[in-house]
Amino acid sequence: MSGILEDKDENEVFVPSAVLDEALEAINKVVPAKSKHSYEKEYTNFYEWRKRKHAKGVDERIILAYISERSKNAKSSSLWSYYSQLKKMLSVKENIDISRFHQVSAFLKQQSVGHRPKKSKVFTLEEMERFLDNASDDEYLLQKVIFVVGVFGGCRMGELVAMSVDDVEDRGSVLVVQIPDTKTHKSRTFTIINGSNSVPAIDVFRKYRILRPEKISHKRLFINYKNKKCTVQPVGVNTFSTIPKKIAQFLGLQNPQEYTGHSFRRSSATLLADSGADLTVVKRHGGWRSNSVVEGYIEDSLNNKIEISRKIIERSSTIIDNRSALNPVAGSSASNSVSQQETNHQDIILPIHRKFDINFNNLNNCNFYISHYNDKD
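- Where an unreviewed UniProt entry is consulted, the protein chain appears under the name Tyr recombinase domain-containing protein, with the organism given as Zophobas morio.

See below:
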């Protein structure tokens, strides 16, 4: 029986070849199965680069030189992906942890300064309504139902491709959709309802579902639709990725090519953030692990920005109005006393360097704010 004999602290360790094979198989499972080809390709690129440069082994200088050369033909976001893939593969193939190379991390962060990643465009609720109302079912029924499911669920392309008829439960007034396998390996559940604002989401789904052929050998939910009939052929990922562009073209939106396969997921998060949902709600809905991704949607929410502006201007107006009442201009005969009419259902701001005669018996539902500012303010 062949194997490896190691001597550590005078304790003999023998690893049989069968155990080695099992260990190697377990290590290989560390690499994500869906993107294993990309990881292997990146490791091969590094391996060939190292041979061309006559470099041996791995240390911080070698990794820094490799990443630096990579940066000449790669965007910042791609550079981070290459680094992540290489880190995983070096850990698996050569048992080396390059995450401890701080100069490499610093270089990658510097490359990201000023970089603005290009994001898929999103659909507004009005655009969704317009497409569902105006697009002909004879031609666009498939696009409609994918639009509905993709936006209501914040779905990734892979999730839409793998979705099964068994994942959707029709409960009359609501559709309950289960996504059993996600990118983060956590199942998600979402619902679809008919909107009060003319979004016949359930109606669109049922119309498509009823056209499904009785004799079909698979359970894939989305199958091709042509000439008012559904075929048995499942919709492929390439078809999914072109649907947002086709919807944008129908709506006459600018730069339809910027509506990509990720547009449904981004539209879902944006619409939810615009409704006033907080980080926890948006994060749970889309199954995101990173707070920074979700914070981006909330931060970019137009409704949130408008609400902030409203708070700024309304608060400022209240302060200005009360200062005018409590800080008479020079020469004015206005009194320093605060009357019942002035103090009923309003905020009162009292500068700490002014003295006021206030009859507290006349106050009703008032808030007091103590601040310090000059009369010139």
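Continuing now.
Comments concerning the overall build of the protein chain
Thought 1: Within the protein chain, the secondary structure is distributed over 15 helices and nine strands.
Thought 2: Going through the 377 residues of the protein chain one by one, you find that 34% of them count as buried.
Thought 3: Approximately 23,400 Å² of the protein chain is accessible, and the part contributed by carbon and sulfur atoms is 49%.

Focus: the environment of Y297
Thought 1: Its location among the elements puts Y297 in helix α13 (residues 291–300).
Thought 2: Taking the C-alpha atoms as reference points, Y297 and R266, 31 residues apart in sequence, are found 8.3 Å from one another.

Observations regarding the pairing of strand β6 (residues 223–226)
The side chains of a regular strand alternate between the sheet's two faces.
Thought 1: Bridging between β6 and strand β7 (residues 229–234) involves three bridges; their strand directions are antiparallel. When the bridges of β7 are listed, I223 appears paired with P234.
Thought 2: Following β6, the chain reverses through two residues before pairing antiparallel with β7; N227 in that reversal takes a positive phi of roughly 55 degrees.

Some points on the nonpolar core
When a protein is soluble and globular, its nonpolar side chains tend to lie buried together.
Thought 1: If you look at the biggest cluster of nonpolar residues, it comprises 46 residues, and the most contacted ones within it are L160, F222 and F264.
Thought 2: Secondary structure elements with two or more residues in this core: α6 (125–134), α7 (137–153), α8 (157–162), β4 (175–179), β5 (188–192), α9 (201–209), β6 and α10 (237–251).
Thought 3: In terms of residue count, α7 provides more of this core than any other element does, nine residues in total.
Thought 4: Discounting residues that sit within four places of it in the chain, F222 has contacts with V145, I146, V149, L160, M163, Y208, P234, V235 and F240.
Thought 5: Core analysis: the second largest hydrophobic core is formed by 22 residues, Y43, I67, V92 and V104 among them.

Some remarks on the packing of α6 against α7
Thought 1: Orientation of α6 relative to α7, taken along the N-to-C sense of each, is 150 degrees, at an axis distance of 10 Å. Looking at the two axes, α6 sits roughly antiparallel to α7. The two elements α6 and α7 meet at a crossing, and its hand is left-handed. Residues M128, F131 and L132 of α6 lie in contact with α7, whose contacting residues are Y140, Q143, K144, F147, V148, V151 and F152.

Overview of the packing of aromatic side chains
Thought 1: The tally for this structure, following the rule as stated, stands at 15 aromatic pairs.
Thought 2: When the centroid spacing of 6.4 Å and the interplanar angle of 35 degrees are considered together, the rings of Y43 and Y47 count as tilted. Taken together, the residues Y43 and Y47, both in helix α2 (residues 36–52) and four residues apart, mark about one turn of the helix.
Thought 3: By relative accessible area, Y43 is classed as buried at 12%.
Thought 4: Relative accessible area serves as the criterion here: at 40%, Y47 is assigned to the partly exposed category.
Thought 5: What links up through ring pairs into an aromatic cluster is the set F123, F131, Y140, F147, F250, Y259 and F264.
Thought 6: In this structure, R70 is placed above the aromatic ring of Y82, and the distance from its NZ or CZ to the ring centre is 3.8 Å.

Some thoughts on the sheet that holds strand β3 (residues 168–170)
Thought 1: Taking strand neighbours across the sheet as the criterion, the three strands line up as β3-β4-β5 in an open arrangement whose pairing is antiparallel. Strand pairing shows two members of the sheet lacking a second neighbour, β3 and β5, which therefore form its edges. Between one strand axis and the next, the sheet turns by 20 degrees as a mean value, whatever way the strands run.
Thought 2: Pairing of β3 with β4, which is carried by three bridges, proceeds in the antiparallel orientation. Each residue of the ladder has a partner; that of D170, found in β4, is L175.

What to know about the confidence of the model for the protein chain
Thought 1: Scored by pLDDT, the protein chain comes out at a mean of 82, with 78% of its residues at no less than 70.
Thought 2: Scored below 50 in pLDDT, residues 329–345 shows 26 contacts in the model against residues more than four places distant or in partner chains.

Some details on the environment of I210
Thought 1: Checked against the element boundaries, I210 lands in the loop between α9 and β6.
Thought 2: Classification of I210 by relative accessible area gives exposed; the value is 68%.
Thought 3: Sequence-wise, I210 and C230 are 20 residues apart; in three dimensions their C-alpha atoms are separated by 9.4 Å.

Conventions and cut-offs
- Residues numbered from 1 in each chain as written.
- Predicted model: local features only at pLDDT ≥ 70, side-chain atom pairs only at ≥ 80, totals over all residues.
- Heavy atoms only, no water.
- Helix = DSSP H or I, 4+ residues; strand = E, 2+ residues; numbered from the N terminus.
- Buried < 20%, exposed > 50% of the residue type's maximum accessible area, 1.4 Å probe, protein only.
- Areas by Shrake-Rupley, 256 points an atom, 1.4 Å probe, with all protein chains shown as cover.
- Pairing = 2+ DSSP bridges.
- Core = buried A, V, L, I, M, F, W, Y, C linked by side-chain atoms within 4.5 Å.
- Contact = heavy atoms within 4.5 Å.
- Axes fitted to C-alpha atoms, helices over the stretch in contact; angles between N-to-C directions.
- Parallel < 35°, antiparallel > 145°, perpendicular 65-115°, else oblique.
- Left-handed = near helix turned anticlockwise from the far one by under 90°.
- Phe/Tyr/Trp six-rings, centres within 6.5 Å; stacked < 30°, edge-to-face > 60°.
- Lys NZ or Arg CZ within 6 Å of the ring centre and 35° of its normal.
- pLDDT = per-residue confidence, 0-100.

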